[in-house]
Amino acid sequence: MLPDIRSQSRAALAVQFAAWSEPTYRLDQLLGWLYARRAAHWDELTNLPRALREKLAAAFALSLPAIMKVQGARDTTRKFLWRLDDGSLVESVLIPANPALYGDRSDRHTLCISTQVGCAYGCRFCASGLDGWKRNLEPHEIAGQILAVERWNAGLPADQRVETDRVVNNIVVMGMGEPMANYDHLMTALRSLNASWGAAIGARKITISTSGVVPRIRNLADEPEQFRLAISLHGATDDVRVQIMPINRKYPLRELTEACEYYVEKKGKMITLEYILIDGVNAGREQVKPLAALARRLHAKVNLIPYNTVEGLAWKRPEENACRAFAAAVEAEGVTTTLRLEKGHDIDAACGQLRLKTERELADAPA
Ligand code: SAH
Ligand code: SF4
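In every chain, residue numbers begin from 1 and rise along the written sequence. Here chains are named by letter from A upward and ligands by number from 1 upward, in the order in which they appear as written. Restriction of local features to residues with pLDDT of at least 70 applies here, the model being predicted, together with a cutoff of 80 or more for giving and counting side-chain atom pairs; totals for whole chains, interfaces and linings are based on all residues. Hydrogens are left out, water is left out, and the side-chain values use all remaining heavy atoms of the structure.

Enquirer: So, the overall build of the protein chain: which residues are in play, and what are the values?
Expert: Helix and strand assignments follow DSSP, with helices taken as H or I runs no shorter than four residues and strands as E runs no shorter than two, numbered in order from the N terminus. Counting secondary structure elements, the protein chain contains 13 helices and 12 strands. Atoms counted for the radius of gyration: C-alpha only. Globule rule: 2.2 Å times residue count to the power 0.38. A globule of 367 residues ought to have a C-alpha radius of gyration of about 21 Å, and the protein chain, at 21 Å, matches this closely. Each principal axis of the C-alpha atoms in the protein chain carries an extent, and together these give about 70 × 50 × 45 Å. Each residue gets one of three labels from its accessible area relative to the maximum for its type: buried under 20%, exposed over 50%, partly exposed in between, using a 1.4 Å probe on protein chains only. Each of the 367 residues in the protein chain was classed as buried or not, and the buried ones make up 53%. Whether two residues are in contact is decided by their heavy atoms, any of which lying within 4.5 Å being enough. Considering only contacts within the protein chain whose residues lie at least 6 apart along the sequence, 67% involve residues at least 24 apart. As displayed, the protein chain has an accessible area near 16100 Å², and 51% of this comes from carbon and sulfur atoms. Side chains of the protein chain give 47 positive and 44 negative charges; the mean places of these two sets differ by 3 Å. All accessibility values rest on the Shrake-Rupley procedure with a 1.4 Å probe; residue burial counts only the protein chains present in the view. Counted charges follow a simple rule, with Lys and Arg positive, Asp and Glu negative, and His plus the chain ends left uncounted. Taken as the charge centre is NZ of Lys, CZ of Arg, CG of Asp or CD of Glu, depending on the residue.

Next comes the structure, spelled out in C-alpha coordinates:
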(Lines give C-alpha, C1' and ligand atoms only; values in the text may rest on other atoms or scores of the structure.)
(Ligands and ions follow the chains in the order given, each with its own letter.)
Protein backbone atom coordinates (compact mmCIF):
# COMPACT_ATOMS: atom_id res chain seq x y z
CA MET A 1 0.00 0.00 0.00
CA LEU A 2 1.23 3.48 -0.89
CA PRO A 3 1.53 6.11 1.85
CA ASP A 4 -1.26 8.68 1.68
CA ILE A 5 -0.28 12.11 0.45
CA ARG A 6 -2.24 13.84 3.24
CA SER A 7 -0.12 12.01 5.81
CA GLN A 8 2.99 13.83 4.53
CA SER A 9 4.15 17.09 6.07
CA ARG A 10 4.70 20.05 3.76
CA ALA A 11 8.43 19.77 4.42
CA ALA A 12 8.51 16.12 3.32
CA LEU A 13 6.63 16.96 0.13
CA ALA A 14 8.99 19.84 -0.56
CA VAL A 15 11.91 17.40 -0.46
CA GLN A 16 10.08 15.10 -2.87
CA PHE A 17 9.28 17.97 -5.26
CA ALA A 18 12.91 19.10 -5.20
CA ALA A 19 14.02 15.55 -6.05
CA TRP A 20 11.62 15.59 -9.00
CA SER A 21 12.88 19.07 -10.03
CA GLU A 22 9.34 20.40 -9.68
CA PRO A 23 9.00 24.11 -8.80
CA THR A 24 7.56 25.23 -5.44
CA TYR A 25 4.48 26.81 -7.02
CA ARG A 26 3.45 23.34 -8.15
CA LEU A 27 3.64 22.18 -4.54
CA ASP A 28 1.42 25.09 -3.52
CA GLN A 29 -1.07 24.13 -6.23
CA LEU A 30 -1.06 20.55 -4.98
CA LEU A 31 -1.63 21.61 -1.36
CA GLY A 32 -4.52 23.82 -2.47
CA TRP A 33 -6.14 20.78 -4.06
CA LEU A 34 -5.55 18.64 -0.98
CA TYR A 35 -6.79 20.96 1.76
CA ALA A 36 -8.78 23.88 0.30
CA ARG A 37 -10.47 21.91 -2.49
CA ARG A 38 -10.56 18.53 -0.73
CA ALA A 39 -9.60 16.44 -3.75
CA ALA A 40 -10.38 12.72 -3.64
CA HIS A 41 -8.99 11.55 -7.02
CA TRP A 42 -5.79 12.43 -8.85
CA ASP A 43 -7.66 13.30 -12.05
CA GLU A 44 -9.41 16.17 -10.24
CA LEU A 45 -6.11 18.09 -10.07
CA THR A 46 -6.70 19.57 -13.51
CA ASN A 47 -4.15 22.41 -13.44
CA LEU A 48 -1.23 20.08 -12.69
CA PRO A 49 0.59 18.64 -15.69
CA ARG A 50 -0.36 15.04 -16.43
CA ALA A 51 3.26 13.88 -15.95
CA LEU A 52 3.32 15.28 -12.40
CA ARG A 53 -0.05 13.73 -11.61
CA GLU A 54 1.28 10.38 -12.78
CA LYS A 55 4.39 10.69 -10.60
CA LEU A 56 2.21 11.60 -7.64
CA ALA A 57 -0.19 8.71 -8.24
CA ALA A 58 2.73 6.27 -8.47
CA ALA A 59 4.18 7.46 -5.16
CA PHE A 60 1.14 8.29 -3.00
CA ALA A 61 -2.41 7.25 -2.31
CA LEU A 62 -5.12 9.94 -2.18
CA SER A 63 -8.05 8.85 -0.10
CA LEU A 64 -10.72 10.24 2.20
CA PRO A 65 -12.73 8.28 4.78
CA ALA A 66 -15.80 6.69 3.16
CA ILE A 67 -19.23 7.42 4.59
CA MET A 68 -20.89 4.33 5.98
CA LYS A 69 -23.79 6.06 7.79
CA VAL A 70 -25.03 9.60 8.37
CA GLN A 71 -27.58 10.14 11.13
CA GLY A 72 -29.47 13.33 11.98
CA ALA A 73 -30.71 16.19 9.85
CA ARG A 74 -29.65 19.67 8.82
CA ASP A 75 -29.65 22.13 11.75
CA THR A 76 -29.43 19.30 14.26
CA THR A 77 -26.49 17.27 15.43
CA ARG A 78 -25.34 15.02 12.65
CA LYS A 79 -23.27 11.93 13.13
CA PHE A 80 -20.94 10.37 10.55
CA LEU A 81 -19.71 6.81 10.68
CA TRP A 82 -16.62 6.36 8.49
CA ARG A 83 -15.15 3.22 7.02
CA LEU A 84 -11.38 3.43 6.63
CA ASP A 85 -9.26 1.62 4.04
CA ASP A 86 -8.64 -1.38 6.34
CA GLY A 87 -12.36 -1.67 7.17
CA SER A 88 -12.03 0.00 10.60
CA LEU A 89 -14.93 2.19 11.71
CA VAL A 90 -14.58 5.61 13.36
CA GLU A 91 -16.99 8.48 13.85
CA SER A 92 -17.32 12.25 13.77
CA VAL A 93 -20.13 14.46 15.05
CA LEU A 94 -21.15 17.71 13.32
CA ILE A 95 -22.74 20.15 15.77
CA PRO A 96 -24.39 23.38 14.55
CA ALA A 97 -23.41 26.54 16.44
CA ASN A 98 -25.98 27.59 19.01
CA PRO A 99 -28.19 30.20 17.25
CA ALA A 100 -28.78 31.86 20.63
CA LEU A 101 -25.05 32.62 20.74
CA TYR A 102 -24.40 33.36 17.08
CA GLY A 103 -27.73 34.73 15.77
CA ASP A 104 -29.07 32.70 12.88
CA ARG A 105 -25.64 32.00 11.41
CA SER A 106 -26.58 28.38 10.84
CA ASP A 107 -23.56 28.01 8.56
CA ARG A 108 -21.25 27.68 11.58
CA HIS A 109 -20.46 24.18 12.79
CA THR A 110 -18.15 22.32 15.13
CA LEU A 111 -16.85 18.92 14.08
CA CYS A 112 -15.84 16.45 16.76
CA ILE A 113 -13.21 14.08 15.33
CA SER A 114 -11.63 10.76 16.30
CA THR A 115 -7.92 9.99 16.57
CA GLN A 116 -7.79 6.23 17.20
CA VAL A 117 -9.81 3.11 16.41
CA GLY A 118 -11.01 2.22 19.90
CA CYS A 119 -9.19 3.43 22.98
CA ALA A 120 -6.79 1.81 25.44
CA TYR A 121 -7.59 4.07 28.41
CA GLY A 122 -10.73 2.32 29.61
CA CYS A 123 -12.56 5.21 31.27
CA ARG A 124 -15.59 3.67 32.88
CA PHE A 125 -18.21 6.00 31.34
CA CYS A 126 -17.03 5.76 27.75
CA ALA A 127 -18.14 3.57 24.85
CA SER A 128 -14.92 4.16 22.89
CA GLY A 129 -12.83 1.88 25.04
CA LEU A 130 -15.34 -0.93 25.55
CA ASP A 131 -13.86 -3.16 22.88
CA GLY A 132 -10.28 -2.06 23.51
CA TRP A 133 -7.77 -0.31 21.27
CA LYS A 134 -7.18 -1.32 17.66
CA ARG A 135 -4.84 1.22 16.08
CA ASN A 136 -3.85 4.86 15.71
CA LEU A 137 -5.34 6.89 12.89
CA GLU A 138 -2.93 8.15 10.27
CA PRO A 139 -2.71 11.94 9.78
CA HIS A 140 -4.79 11.77 6.58
CA GLU A 141 -7.50 9.83 8.42
CA ILE A 142 -7.66 12.53 11.10
CA ALA A 143 -7.66 15.54 8.75
CA GLY A 144 -9.78 13.56 6.27
CA GLN A 145 -12.79 13.58 8.61
CA ILE A 146 -13.13 17.36 8.20
CA LEU A 147 -12.44 17.34 4.47
CA ALA A 148 -14.83 14.46 3.84
CA VAL A 149 -17.68 16.19 5.72
CA GLU A 150 -17.18 19.29 3.59
CA ARG A 151 -16.99 17.30 0.41
CA TRP A 152 -20.16 15.44 1.40
CA ASN A 153 -21.96 18.77 2.04
CA ALA A 154 -20.88 20.18 -1.32
CA GLY A 155 -22.34 17.12 -3.02
CA LEU A 156 -25.81 17.46 -1.43
CA PRO A 157 -28.77 18.88 -3.39
CA ALA A 158 -28.92 22.68 -3.02
CA ASP A 159 -31.88 22.69 -0.60
CA GLN A 160 -30.15 20.33 1.83
CA ARG A 161 -26.67 21.78 1.68
CA VAL A 162 -25.09 24.32 4.00
CA GLU A 163 -24.27 27.14 1.57
CA THR A 164 -20.76 28.01 2.56
CA ASP A 165 -17.32 27.02 1.47
CA ARG A 166 -16.13 26.11 4.94
CA VAL A 167 -18.75 24.06 6.79
CA VAL A 168 -16.47 23.24 9.71
CA ASN A 169 -15.38 26.40 11.57
CA ASN A 170 -14.41 24.69 14.80
CA ILE A 171 -12.72 21.40 15.50
CA VAL A 172 -12.85 19.52 18.78
CA VAL A 173 -10.62 16.49 19.09
CA MET A 174 -13.04 14.72 21.42
CA GLY A 175 -14.19 11.70 19.44
CA MET A 176 -12.97 8.17 19.75
CA GLY A 177 -9.46 7.65 21.09
CA GLU A 178 -6.95 9.48 23.26
CA PRO A 179 -5.42 12.19 21.03
CA MET A 180 -2.29 12.52 23.16
CA ALA A 181 -1.55 8.82 22.65
CA ASN A 182 -1.35 9.51 18.90
CA TYR A 183 0.47 12.80 19.29
CA ASP A 184 2.72 12.93 16.23
CA HIS A 185 0.00 11.97 13.74
CA LEU A 186 -2.38 14.40 15.39
CA MET A 187 0.13 17.26 15.11
CA THR A 188 0.82 16.51 11.43
CA ALA A 189 -2.93 16.56 10.73
CA LEU A 190 -3.67 19.68 12.78
CA ARG A 191 -0.77 21.58 11.17
CA SER A 192 -2.17 20.87 7.70
CA LEU A 193 -5.62 21.98 8.84
CA ASN A 194 -4.25 25.10 10.52
CA ALA A 195 -1.59 26.29 8.05
CA SER A 196 -2.29 29.07 5.56
CA TRP A 197 -1.15 26.65 2.81
CA GLY A 198 -3.61 24.07 4.18
CA ALA A 199 -7.20 24.39 5.34
CA ALA A 200 -6.45 27.69 7.15
CA ILE A 201 -8.59 26.90 10.21
CA GLY A 202 -7.36 29.09 13.09
CA ALA A 203 -5.51 27.31 15.91
CA ARG A 204 -7.84 29.00 18.40
CA LYS A 205 -10.68 27.15 16.69
CA ILE A 206 -9.07 23.78 17.37
CA THR A 207 -9.44 22.16 20.81
CA ILE A 208 -7.68 18.97 21.91
CA SER A 209 -9.31 17.02 24.72
CA THR A 210 -7.24 14.64 26.83
CA SER A 211 -7.88 12.30 29.72
CA GLY A 212 -4.64 13.68 31.20
CA VAL A 213 -1.49 12.34 29.51
CA VAL A 214 0.78 14.65 31.47
CA PRO A 215 4.00 14.60 29.36
CA ARG A 216 2.02 15.32 26.19
CA ILE A 217 0.24 18.27 27.79
CA ARG A 218 3.70 19.72 28.36
CA ASN A 219 4.69 18.94 24.75
CA LEU A 220 1.57 20.74 23.50
CA ALA A 221 2.46 23.76 25.62
CA ASP A 222 5.86 23.86 23.86
CA GLU A 223 4.41 23.79 20.32
CA PRO A 224 4.41 27.04 18.35
CA GLU A 225 0.68 26.82 17.52
CA GLN A 226 -2.00 28.09 19.91
CA PHE A 227 -4.16 24.97 19.92
CA ARG A 228 -6.65 24.92 22.78
CA LEU A 229 -6.73 22.35 25.55
CA ALA A 230 -9.62 20.65 27.34
CA ILE A 231 -9.16 18.18 30.18
CA SER A 232 -11.53 15.28 30.79
CA LEU A 233 -11.55 15.72 34.54
CA HIS A 234 -14.73 13.98 35.77
CA GLY A 235 -13.48 13.83 39.36
CA ALA A 236 -12.00 16.62 41.50
CA THR A 237 -10.35 14.38 44.09
CA ASP A 238 -8.06 11.41 43.42
CA ASP A 239 -10.30 8.94 45.23
CA VAL A 240 -13.31 9.82 43.04
CA ARG A 241 -11.40 10.28 39.79
CA VAL A 242 -9.56 6.98 40.06
CA GLN A 243 -12.89 5.13 40.16
CA ILE A 244 -13.82 6.71 36.82
CA MET A 245 -10.52 7.03 34.96
CA PRO A 246 -7.71 4.46 35.37
CA ILE A 247 -5.18 6.99 34.01
CA ASN A 248 -5.47 8.84 37.33
CA ARG A 249 -3.32 6.08 38.86
CA LYS A 250 -0.43 6.92 36.55
CA TYR A 251 -0.96 10.69 36.50
CA PRO A 252 -2.78 11.79 39.66
CA LEU A 253 -4.40 15.20 40.02
CA ARG A 254 -1.33 16.94 41.42
CA GLU A 255 0.77 16.09 38.35
CA LEU A 256 -2.11 16.82 36.00
CA THR A 257 -2.68 20.20 37.61
CA GLU A 258 1.01 21.11 37.35
CA ALA A 259 1.08 20.22 33.64
CA CYS A 260 -2.04 22.32 33.07
CA GLU A 261 -0.47 25.23 34.90
CA TYR A 262 2.57 24.93 32.64
CA TYR A 263 0.30 25.02 29.57
CA VAL A 264 -1.65 28.04 30.83
CA GLU A 265 1.58 29.90 31.66
CA LYS A 266 3.22 29.18 28.30
CA LYS A 267 0.13 29.84 26.18
CA GLY A 268 -1.80 32.45 28.11
CA LYS A 269 -4.88 30.54 27.00
CA MET A 270 -7.83 29.52 29.08
CA ILE A 271 -8.41 25.78 29.37
CA THR A 272 -11.68 23.92 29.83
CA LEU A 273 -12.37 21.26 32.43
CA GLU A 274 -14.90 18.71 31.17
CA TYR A 275 -16.91 17.10 33.91
CA ILE A 276 -19.54 14.45 33.21
CA LEU A 277 -22.18 14.26 35.94
CA ILE A 278 -22.74 10.62 36.96
CA ASP A 279 -25.41 9.84 39.52
CA GLY A 280 -24.02 8.60 42.83
CA VAL A 281 -20.40 8.70 41.58
CA ASN A 282 -19.13 12.28 41.12
CA ALA A 283 -22.19 14.53 41.27
CA GLY A 284 -22.36 14.92 45.06
CA ARG A 285 -21.88 18.26 46.80
CA GLU A 286 -18.50 17.18 48.24
CA GLN A 287 -16.96 17.48 44.74
CA VAL A 288 -18.06 21.10 44.31
CA LYS A 289 -15.40 22.83 46.42
CA PRO A 290 -12.40 20.83 45.14
CA LEU A 291 -13.64 21.25 41.55
CA ALA A 292 -14.04 25.00 41.99
CA ALA A 293 -10.66 25.29 43.70
CA LEU A 294 -8.95 23.49 40.83
CA ALA A 295 -10.73 25.63 38.23
CA ARG A 296 -9.80 28.84 40.04
CA ARG A 297 -6.16 27.78 40.37
CA LEU A 298 -6.02 27.05 36.60
CA HIS A 299 -8.23 30.03 35.58
CA ALA A 300 -10.28 27.38 33.78
CA LYS A 301 -13.94 27.23 32.92
CA VAL A 302 -15.97 24.15 33.75
CA ASN A 303 -18.16 22.35 31.24
CA LEU A 304 -20.67 20.05 32.94
CA ILE A 305 -22.20 17.27 30.84
CA PRO A 306 -24.93 14.95 32.18
CA TYR A 307 -23.77 11.38 31.58
CA ASN A 308 -25.14 9.81 28.42
CA THR A 309 -26.17 6.22 29.10
CA VAL A 310 -24.00 3.66 27.31
CA GLU A 311 -25.39 0.23 26.61
CA GLY A 312 -23.52 -2.28 28.72
CA LEU A 313 -22.42 0.26 31.35
CA ALA A 314 -24.23 0.53 34.67
CA TRP A 315 -24.09 4.26 35.39
CA LYS A 316 -26.82 6.85 34.81
CA ARG A 317 -27.20 10.63 34.78
CA PRO A 318 -28.56 12.53 37.79
CA GLU A 319 -32.02 14.19 37.58
CA GLU A 320 -31.99 17.43 35.63
CA ASN A 321 -32.63 19.45 38.81
CA ALA A 322 -29.63 17.86 40.49
CA CYS A 323 -27.46 18.78 37.47
CA ARG A 324 -28.69 22.38 37.62
CA ALA A 325 -28.05 22.56 41.36
CA PHE A 326 -24.49 21.21 40.94
CA ALA A 327 -23.82 23.79 38.20
CA ALA A 328 -25.21 26.61 40.34
CA ALA A 329 -23.04 25.54 43.28
CA VAL A 330 -19.85 25.57 41.17
CA GLU A 331 -20.82 28.93 39.68
CA ALA A 332 -21.45 30.30 43.18
CA GLU A 333 -17.78 29.51 43.95
CA GLY A 334 -16.83 32.08 41.33
CA VAL A 335 -16.14 29.73 38.40
CA THR A 336 -17.51 30.17 34.88
CA THR A 337 -19.67 27.10 34.37
CA THR A 338 -21.77 25.77 31.52
CA LEU A 339 -24.21 22.91 31.79
CA ARG A 340 -24.51 21.19 28.44
CA LEU A 341 -27.94 19.63 28.41
CA GLU A 342 -26.94 17.34 25.61
CA LYS A 343 -28.01 17.68 22.00
CA GLY A 344 -27.98 14.51 20.04
CA HIS A 345 -28.82 12.14 22.89
CA ASP A 346 -31.15 10.35 20.47
CA ILE A 347 -28.46 9.58 17.89
CA ASP A 348 -25.87 7.97 20.15
CA ALA A 349 -23.96 11.23 20.22
CA ALA A 350 -21.44 10.43 22.94
CA CYS A 351 -18.22 9.33 21.37
CA GLY A 352 -17.86 5.72 20.39
CA GLN A 353 -21.50 4.76 20.70
CA LEU A 354 -22.52 4.60 17.06
CA ARG A 355 -19.42 2.68 16.07
CA LEU A 356 -19.84 0.20 18.90
CA LYS A 357 -23.46 -0.41 18.01
CA THR A 358 -22.66 -0.87 14.33
CA GLU A 359 -19.73 -3.20 15.02
CA ARG A 360 -21.99 -5.31 17.22
CA GLU A 361 -24.82 -5.34 14.65
CA LEU A 362 -22.34 -6.43 12.01
CA ALA A 363 -21.00 -9.15 14.29
CA ASP A 364 -24.53 -10.39 15.04
CA ALA A 365 -25.78 -10.21 11.46
CA PRO A 366 -26.41 -13.59 9.80
CA ALA A 367 -23.68 -14.37 7.28
N1 SAH B 1 -9.78 10.70 24.92
C2 SAH B 1 -10.06 12.09 25.01
C3 SAH B 1 -11.02 12.58 23.98
C4 SAH B 1 -12.22 11.75 23.73
S5 SAH B 1 -13.39 11.45 25.05
C6 SAH B 1 -10.52 12.46 26.38
O7 SAH B 1 -10.80 11.57 27.18
O8 SAH B 1 -10.59 13.64 26.65
C9 SAH B 1 -13.92 13.07 25.32
C10 SAH B 1 -15.23 13.32 26.01
O11 SAH B 1 -16.37 12.66 25.48
C12 SAH B 1 -15.29 12.96 27.47
O13 SAH B 1 -14.50 13.75 28.29
C14 SAH B 1 -16.73 13.28 27.70
O15 SAH B 1 -16.88 14.67 27.82
C16 SAH B 1 -17.40 12.80 26.43
N17 SAH B 1 -18.08 11.52 26.69
C18 SAH B 1 -17.63 10.28 26.49
N19 SAH B 1 -18.53 9.36 26.89
C20 SAH B 1 -19.58 10.06 27.36
C21 SAH B 1 -20.85 9.69 27.93
N22 SAH B 1 -21.19 8.42 28.07
N23 SAH B 1 -21.68 10.67 28.29
C24 SAH B 1 -21.34 11.99 28.14
N25 SAH B 1 -20.17 12.37 27.62
C26 SAH B 1 -19.31 11.44 27.23
FE1 SF4 C 1 -10.47 6.92 25.82
FE2 SF4 C 1 -11.24 9.49 26.23
FE3 SF4 C 1 -13.04 7.47 26.27
FE4 SF4 C 1 -11.26 7.71 28.25
S5 SF4 C 1 -12.87 9.21 27.70
S6 SF4 C 1 -11.81 5.78 27.19
S7 SF4 C 1 -9.45 8.43 27.14
S8 SF4 C 1 -11.83 8.14 24.51
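Enquirer: I'd like to hear about the domain arrangement of the protein chain, residue by residue, with values.
Expert: One widely used convention gives an interface's size as the accessible area the parts lose upon coming together. The source of the domain bounds is an automatic or database domain assignment. Structurally, the protein chain comprises domain 1 (5-59) and domain 2 (66-364). Domain 1 and domain 2 are separated by 32 Å when their C-alpha centres are compared. Contacts between domain 1 and domain 2 engage 13 residues on the former and 13 residues on the latter. Take the accessible area each of two parts loses on contact, using a 1.4 Å probe, and add the two losses: that sum is the buried area. Between domain 1 and domain 2 the total buried area reaches about 1200 Å² when both faces are included, carbon and sulfur atoms providing 55% of it.

Enquirer: Lay out helix α12 (residues 320-332) with the relevant residues and their values.
Expert: When the terminal C-alpha atoms of α12 are compared, their 18 Å separation across 13 residues agrees well with the 18 Å that a helix rising 1.5 Å per residue should span. Taken as a whole, α12 has its buried residues at C323, F326, A327, A329 and V330. In a view along the axis of α12, the buried residues occupy a sector of 160 degrees, so they form one face of it. Of the residues in α12, the exposed ones pointing more than 90 degrees away from the buried face are N321 and A332. Here the expected length of a helix is defined as 1.5 Å per residue gap, with one fewer gap than residues. Along the arc lie the directions from the helix axis toward the C-beta atoms.

Enquirer: Could you give an account of the site of ligand 1, naming the residues involved and the relevant values?
Expert: The near set for a molecule or strand comprises every residue that places at least one heavy atom within 4 Å of it. If you check the shell around ligand 1, you find 20 residues, and the closest are G175, G177, S209, S232 and N308. Separating a nitrogen atom of ligand 1 from a backbone N or O atom of F125 is a distance of 3.0 Å. A distance of 2.6 Å separates an oxygen atom of ligand 1 from a polar side-chain atom of S209. Here ligand 1, which alone exposes 540 Å², has 95% of that area covered by the protein. Mapped onto the shell around ligand 1, the elements with two or more residues apiece are β8 (206-210) and β10 (272-277). Any N or O atom pair separated by 3.5 Å or less is treated as a polar contact, with the protein-specific requirement of one donor-capable and one acceptor-capable atom, and with residues adjacent in sequence counted only for side-chain atom pairs.

Enquirer: Account for the side chain of Q8, with residues named and values stated.
Expert: Tracing the backbone through its elements, the reader meets Q8 in the segment before α1 (10-19). Given a relative accessible area of 18%, Q8 falls into the buried group. A polar contact is formed between the side chain of Q8 and the backbone oxygen of D4, at a distance of 2.9 Å. When near neighbours in sequence (up to four residues on either side) are disregarded, Q8 contacts P3, L13 and F60.

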